[in-house]
Amino acid sequence: MNVKFNPKTHILEIEYQFRDVDEPNLFRNIYPYNEVPRLVFNHRIVPMNVPEKLYITDTTFRDGQQSRSPYTVEQICRIYDYLHELDNGSGIILHTEFFVYSKQDKEAVLKCLEKGYDFPKVTAWIRAKKEDFEIVKSLGIKETGILVSCSDYHIFKKLKMTRSQAMKQYLEIVSAALEAGIIPRCHFEDITRADFYGFVLPFINELMKLSKEANMPVKIRACDTLGLGSPIPGVALPRSVPQIIYGIVNYGEVPSEWLEWHGHNDFYKAVINSTMAWLYGASMVNTSLLGIGERTGNTPLEAMVMEYIQIRGSADGMNVAVISEIADYFKREIGYEIPPMTPFVGDNFNATRAGIHADGLMKDEEIYNIFDTGKILGRPPKVIIDAYSGIAGIVIWINRYFKDSGIDIQVDKKDPRVQKVKEWVDSQYENGRNTSISDEELKEVVSKIFGL
Ligand SMILES: CC(C)C(=O)C(=O)O
């Protein structure tokens, strides 16, 4: 580590020493592989540093498409429209990224560019090959993601290189992007298994020098490729999200606005890690709609909209209700099955089957609903009728279902007709039924009993 005092800024400038190694550092004390990874603590607590601006970026068409069959051009264009509608002129849904190789990829990019939306901006994703800049340039795209895998797992085992060979190749390609006038966004793949002080920081120091020379931003995306990052205070690098972000901003001198976190959900930590990245100094968190991404998925975009509102106390102009329209589109047009318990978008995210909860809902919706989901997401809480939903569940179901269909029936628990419906429901389960009762079935029974 070289430390220089900068008399102009009165700041100690730290240059971390690049460490070439003969053998890969696989952090076996943390990642034994034949056992579940471990959380090792260095008890280092770094300060929170929330950037002035927080952005959500999107990878639905890149990481999202890597995990499922490709979207059609028409679907890409519609999803891009939805992202724009959700952003609603706020500029918070900052950019999304596209493949640019096949005829279909290019057609989708051109059609989305033609829409002329300011947000989300269209960016590209390319292999680290010089000739690929020509494609990006020819499409009129101003920023592109470039893969710069940074752990020894990737450098030694996948690329079969040494650290210095990898870094040389990466710096050449970033220089080529800058020469072509394209903003490089360097995707530090597998940063949560990388040597932070021996490779990541020295490499960032070099990238920031290139940025200064070219007078152009060089953006950094910290990729938690296997979802190994941890939000827990005092966990040691390379797993600590706060320490990674703090280090990149303070020792790498990367402005928050050039720094992005990209998470995966392998250990159920995609959302909290992204929030930590925001809180500790990264302006951007990368997400995908409904969390669709490789393996267990990426950080869900809709979850970060909710995190944003909780941190800032306002949606700052985003049209949050569009989240429900997006979920409907994925179900209806793409045939994607959203697990029913998925927060904010699953069919049952605000549904109850328990009679005791339905009773609470009937007295005051607030008792069992996370917020006014009817007003904010166009999804009022609902009850699912089964053996446990009781008479209160049936009352709410009748009052809601018919109101939504434009028929004004309001009943209470004492209504004898409601008792009859309850008897029918009970008889179903006495006769061995073990599934819930669908809306269609209940509608038929209620209509008959109520003479509708
Ligand atoms: C391919 C890379 C950039 C990635 O998406 C990841 O590391 O998760």
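Residues numbered from 1 in each chain as written. Predicted model: local features only at pLDDT ≥ 70, side-chain atom pairs only at ≥ 80, totals over all residues. Heavy atoms only, no water.

## Here we look at helix α4 (residues 131-138)
Residues of α4 that are buried include every one of Asp132, Phe133, Ile135 and Val136, and no others. Viewed end-on, α4 has its buried residues packed into an arc of 155 degrees, placing them on one side of the element. Counted as exposed and oriented over 90 degrees from the buried face of α4: Glu131, Glu134 and Ser138. Looking at the buried residues of α4, the elements they touch are α3 (103-114), β5 (121-126), β6 (143-147) and α6 (163-179). Following α4 by one or two positions, Gly140 has its phi on the positive side, about 80 degrees. (Buried < 20%, exposed > 50% of the residue type's maximum accessible area, 1.4 Å probe, protein only. Helix = DSSP H or I, 4+ residues; strand = E, 2+ residues; numbered from the N terminus. Arc of directions from axis to C-beta. Contact = heavy atoms within 4.5 Å.)

## Focus on the site of the ligand
The full set of residues close to the ligand is Arg62, Asp63, Trp125, Leu147, His187, Glu189, Cys223, Thr225, His262 and His264. In the model, an oxygen atom of the ligand is placed 2.9 Å from a nitrogen or oxygen of the Arg62 side chain. One nitrogen or oxygen atom from the side chain of Asp63 is found 3.3 Å from an oxygen atom belonging to the ligand. Here the ligand, which alone exposes 260 Å², has 94% of that area covered by the protein. Here the residues of the shell around the ligand sort into three nonpolar, four polar and three charged. (Near = heavy atom within 4 Å. Polar contact = N/O pair within 3.5 Å; in protein donor to acceptor, adjacent residues only side chain to side chain. Areas by Shrake-Rupley, 256 points an atom, 1.4 Å probe, with all protein chains shown as cover. Nonpolar A, V, L, I, M, F, W, Y, C, P; charged D, E, K, R; others polar.)

## Regarding the pattern of salt bridges
Scanning the model with the defined rule gives 30 salt bridges in all. With its nearest N and O atoms 3.1 Å apart, the salt bridge here joins Arg163 to Asp195. One end of the pair, Arg163, is in helix α6; the other, Asp195, is in the loop between β7 (183-188) and α7 (196-214), and 32 residues separate them in sequence. Pair check on accessibility: Arg163 and Asp195 agree, each one buried. (Salt bridge = Lys/Arg side-chain N within 4 Å of Asp/Glu carboxyl O.)

## Quick word on α3
Between the first and last C-alpha of α3 there are 16 Å, a value that for 12 residues agrees with the 16 Å anticipated at 1.5 Å per step. Of the surrounding elements, those touching the buried residues of α3 are α2 (73-87), β4 (93-99) and β5. Phi turns positive one or two residues past the end of α3, at Gly116, with a value near 70 degrees. (Expected span 1.5 Å × (residues − 1).)

## What about the layout of surface pockets?
Empty space among the atoms can be located by rolling a probe the size of a water molecule over them. If you add up the space inside the largest pocket, you get close to 590 Å³. Lining the largest pocket are 23 residues, and of these Asp347, Asn348, Lys382, Val383 and Asp439 sit closest to its centre. For the lining of the largest pocket, the secondary structure elements donating two or more residues are α11 (322-332), β12 (382-383), α14 (390-404) and α16 (439-450). Its residues assigned to classes, the lining of the largest pocket comprises nine nonpolar, five polar and nine charged. (1 Å grid on protein atoms, 1.4 Å probe; cavity = no way out; pocket = protein on both sides within 12 Å on 5 of 7 lines; lining within 4 Å. Points joined across faces, edges and corners; volume = space filled by probe spheres on them.)

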